[in-house]
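Results of the structural survey
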Amino acid sequence: MTNKQRRDAQMAYIADDSVWKEMQVCRRKLQKLNVMDRSDLEGIQEAVKDLFGKSEDAMVNPPFYCDYGKHIEVGKNFFANYNCTILDVAKVKIGDNCQMAPNVAIYTAGHPLHPVSRNSSYEYGKEVTIGDNVWIGGNAVICPGVHIGNNVVIGAGSVVTKDIPDWYEAAGNPCRLIRKITDEDKRKLFGSEEIDEEAWEEILRLTKEQ
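Below is a summary of the structure that appears in this document. For clarity, every value in this text was computed on a predicted model and none was experimentally measured. (Residues numbered from 1 in each chain as written. Predicted model: local features only at pLDDT ≥ 70, side-chain atom pairs only at ≥ 80, totals over all residues. Heavy atoms only, no water.)

Observations concerning the environment of A47
Rules: Secondary structure elements are taken from DSSP: a helix is a run of H or I of four residues or more, a strand is a run of E of two residues or more, and numbering for both begins at the N terminus. Partly exposed describes any residue whose relative accessible area lies between the buried limit of under 20% and the exposed limit of over 50%, with all areas from a 1.4 Å probe on protein chains only and scaled to the type maximum. It only takes one pair of heavy atoms within 4.5 Å for two residues to be counted as in contact.
Mapped onto the fold, A47 is located in helix α3 (residues 41-51). Residue class for A47 comes out buried when judged on its relative accessible area of 8%. Separated by 95 residues in sequence, A47 and I142 have C-alpha atoms that sit 24 Å apart. Apart from residues no more than four positions distant in its own chain, A47 is found in contact with L33 and M36.

Okay, here's the thing in structure tokens:
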């Protein structure tokens, strides 16, 4: 097997010249994205569309960093804030209506534990999947092989090493389940504070329109 085939099969591989050439293509696209006029929202969206393997009007606030770009698939209404890093050695699949705060990192890349194996230049990538309607707080880290369900909130500063099921708030290092998200949370804003009446009526109107 070639190293590209081994990489895509989530096996041990070496980043040889053929792999490096793919990363060079990505770096050129990142260079374009990361020096664009920050007010050129349409231009940024076009650059992101060219970079990602699949997207629908995704929005990223530069700077943004990744290894390949083409291994990243995002759904509708995706937003990543400043300084997001996605090491997409393996596939990263993200659902609809997902938002990421600044400095979120998603890592599919990993290296062997023992120095004898690690110093051989072999590495690996393990797929990460994130469901629909997920919010990831600032400075959170998603580790290789993690699967996050639908309607999940990951707290700021979390290090997610294990799968997170649907409808949970989770936080911490390592990230742990905090509690279920229920209908009683619909009107919550911050702590015990609720969404004001005017905004809540608008939310109900928009929800009915959908």
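What to know about unusual backbone geometry
Of note, the bond from P62 into P63 is cis; its omega dihedral lies within 30 degrees of zero at 5 degrees. Examined against the element boundaries, P63 turns out to sit in the loop between β3 (59-60) and β4 (64-66). In this model, N173 is joined to P174 through a cis peptide bond whose omega is 0 degrees. Of note, P174 is situated in the loop between β19 (168-171) and β20 (176-180). Residue Q10 is not a glycine yet carries a positive backbone phi of 60 degrees. Within the secondary structure, Q10 is located in the loop between α1 (3-8) and β1 (13-14). Take Q10: its relative accessible area is 29%, and that puts it in the partly exposed class.

Some words on the pairing of strand β5 (residues 72-76)
What counts, and what does not: Between any two strands, at least two bridges found by DSSP are needed for them to pair.
In this sheet, β5 lies alongside strand β2 (residues 54-56) in parallel orientation, the contact comprising 2 bridges. Across the sheet, residue K54 finds its bridge partner in β5, namely E73. As judged from the 3 bridges shared by β5 and strand β8 (residues 92-94), these two strands associate in the parallel manner. Note that in β8 the partner of V74 across the bridge is I94.

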